[in-house]
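Here's the letter readout for the chains.
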Amino acid sequence: MKTLKDAEIGQTVKVVRLRGEGAVRRRIMDMGITKNVEIYIRKVAPLGDPMELTVRGYELSLRKADAEMIEIE
């Protein structure tokens, strides 16, 4: 399954599933990333970490390690 880490700049993707457990999963959900939410990939830092996203109308920076836990379509 493709993860958010694999998404390209300028793409809009839809969340299919969140992996991870406990506090990490809860933190991702608290940021507004839940199943069926659309995420726009605005840019990626020069060294690849973090990613800048638009989720539910606001800007969000997310580490690649966290992005790997988010499955997309």
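The following paragraphs examine the structure supplied in this document. Each chain has its residues counted from 1, running along the sequence as written. For this predicted model, a pLDDT threshold of at least 70 governs which residues receive local features, and a threshold of 80 or more governs which side-chain atom pairs are given and counted, while totals over whole chains, interfaces and linings are taken from all residues. Working from all heavy atoms in the structure, the side-chain values ignore hydrogens and water.

## Focus: unusual backbone geometry
Then, number 1: Non-glycine residue Asn 36 carries a positive phi angle of around 70°.
Then, number 2: Note on placement: Asn 36 falls in the loop between helix 1 (22-30) and strand 2 (38-44).
Then, number 3: Burial status follows relative accessibility: with a 1.4 Å probe on protein chains alone, a residue under 20% of its type maximum counts as buried, one over 50% as exposed, and anything between as partly exposed. On the basis of relative accessible area, Asn 36 is assigned to the partly exposed category, the value being 47%.
Then, number 4: One non-glycine residue, Arg 56, adopts positive backbone phi at about 55°. Labels follow the DSSP assignment, with helices taken as runs of H or I lasting at least four residues and strands as runs of E lasting at least two, numbered in each case from the N terminus.

## Considerations on the sheet that holds strand 5 (residues 70-72)
Then, number 1: Only when DSSP finds a minimum of two bridges between them are two strands counted as paired. In space, the five strands of this open sheet follow the order 4-3-2-1-5, with antiparallel pairing throughout. A single partner strand is all that each edge strand has here, and the edge strands are strand 4 (58-62) and strand 5. Across the sheet, the mean angle separating the axes of adjacent strands is 45° when strand polarity is ignored.
Then, number 2: Across five bridges, the pairing between strand 2 and strand 3 (residues 51-55) is antiparallel. By the bridge assignment, Val 44 is partnered in strand 3 with Met 51. All axes are obtained by fitting lines to C-alpha atoms, using only the stretch in contact for helices, and the reported angles, taken between N-to-C directions, cover 0 to 180 degrees.

## Digging into the side chain of Asp 66
Then, number 1: Along the chain, the position of Asp 66 falls in helix 2 (residues 64-67).
Then, number 2: For Asp 66, a relative accessible area of 3% corresponds to the buried category.
Then, number 3: Any two residues having at least one pair of non-hydrogen atoms within 4.5 Å are treated as being in contact. In this structure Asp 66 touches Val 24, Arg 27 and Ile 28, once residues within four positions along its chain are discounted.

## Details of the environment of Met 69
Then, number 1: If you trace the backbone, Met 69 turns up in the loop between helix 2 and strand 5.
Then, number 2: Through-space distance from the C-alpha of Met 69 to that of Arg 26 is 12 Å; in sequence the pair is 43 residues apart.
Then, number 3: Each residue touching Met 69, except ones within four places of it in the same chain, is listed here: Arg 17, Leu 18, Arg 19, Gly 20, Val 24 and Ile 28.

## Considerations on the environment of Ile 39
Then, number 1: Along the chain, the position of Ile 39 falls in strand 2.
Then, number 2: In this structure the C-alpha to C-alpha distance between Ile 39 and Gly 10, which are 29 residues apart in sequence, comes to 10 Å.
Then, number 3: Each residue touching Ile 39, except ones within four places of it in the same chain, is listed here: Leu 4, Gln 11, Thr 12, Val 13, Val 15, Ile 33, Leu 53, Thr 54 and Val 55.

These figures come from the coordinates and say nothing about function on their own.
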